[in-house]
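Residue strings, one per chain:
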Amino acid sequence: MSKTKIQTVSDVHTKDAYSQFFEDMGDMPIYFAPWWLDTVCGKTSWGVALATNGEYVVGALPYYIKKSFGLNLIVQPGLTQTLGPWIKPSKAKYTKALGYEFDVLHALESGLPKHAYYAQHWSYNSSNWLPFMHRGYTQTSRYSYVIEELADRDRLWSGLRENIKGDIKKAKDKNQITVEESENLEEFMALNTLSYRRQDLKPPFT
């Protein structure tokens, strides 16, 4: 990494730079995609803080703002499992990489607009929130159990508990349940609406 100081970016071109960062990284979750944020937040209700190292973007923190009694609230968008900071990995030794991560997180927090409330569900990839603690934020731990490799189906099957295997076999053989992929959005919405209707609820989205 360059010794150039990590800085915060905040100007009219921030979203363009973020779109390029998202494309360059290649491994960011769908929830970080600019088109996803446009859809679930509205094009004018989300922004992004960027951290740069010279001319290069090294970190991003997209956020969704809601207004309440004239106050800015940074909250989790609907249908969005995780958000929070995303940092370009460093190839430096651990201590230097950790210092770099601290600098990026400090820069990202500084890039947030003035707000009265902040609540984001960070990705399980983001385990360091200490720079935010230094700025007065608090944190609650929740846990994600992730299967990283899905290609070997035999290995996945052997890792299941016997009662789960039994339930799957019963669903397949006795109840003739199959799993299919589909891009039929109308069918999806109809099934989704039934799930809410059983609970006497209306779907919270169109």
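Further up the page is the structure itself.
These figures come from a predicted structure and were not determined experimentally. (Residues numbered from 1 in each chain as written. Predicted model: local features only at pLDDT ≥ 70, side-chain atom pairs only at ≥ 80, totals over all residues. Heavy atoms only, no water.)

**Student:** Before we move on, can you summarise helix α1 (residues 14–25) with the specific residues and values?
**Tutor:** Helical geometry note: an α-helix holds 3.6 residues per turn, so side chains three or four residues apart project in the same direction. For α1, built from twelve residues, the straight-helix expectation of 16 Å at 1.5 Å per residue is met to within 8% by its first-to-last C-alpha distance of 16 Å. Those residues of α1 lying buried are T14, Y18, F21, F22 and M25. The buried residues of α1 occupy an angular sector of 100° when the element is viewed end-on, so they sit on one face. In α1, the exposed positions that point more than 90 degrees away from the buried face belong to D16, E23 and D24. Where α1 terminates, the next one or two residues include G26, which has phi positive at roughly 80°. (Helix = DSSP H or I, 4+ residues; strand = E, 2+ residues; numbered from the N terminus. Expected span 1.5 Å × (residues − 1). Buried < 20%, exposed > 50% of the residue type's maximum accessible area, 1.4 Å probe, protein only. Arc of directions from axis to C-beta.)

**Student:** Pulling in residues and values, what's your account of helix α3 (residues 94–110)?
**Tutor:** End to end, α3 covers 24 Å across 17 residues, agreeing with the expected 24 Å (1.5 Å per residue, within 8%). Turning to α3, its buried residues are A97, Y100, F102, V104, L105, A107, L108 and E109. Buried residues belonging to α3 abut β1 (6–9), β2 (46–53), β3 (56–68), β5 (86–87) and α4 (130–134). (Contact = heavy atoms within 4.5 Å.)

**Student:** Tell me about a nonpolar patch on the surface, and name the residues and values.
**Tutor:** Residues W157, L160 and I168 make up a contiguous nonpolar surface patch of about 230 Å² in total accessible area. With respect to the element layout, I168 can be found in helix α6 (residues 162–173). (Patch = residues over 30% accessible without salt bridge, like charges linked within 9 Å, V, L, I, M, F, W, Y side chains within 5 Å. Areas by Shrake-Rupley, 256 points an atom, 1.4 Å probe, with all protein chains shown as cover. Salt bridge = Lys/Arg side-chain N within 4 Å of Asp/Glu carboxyl O.)

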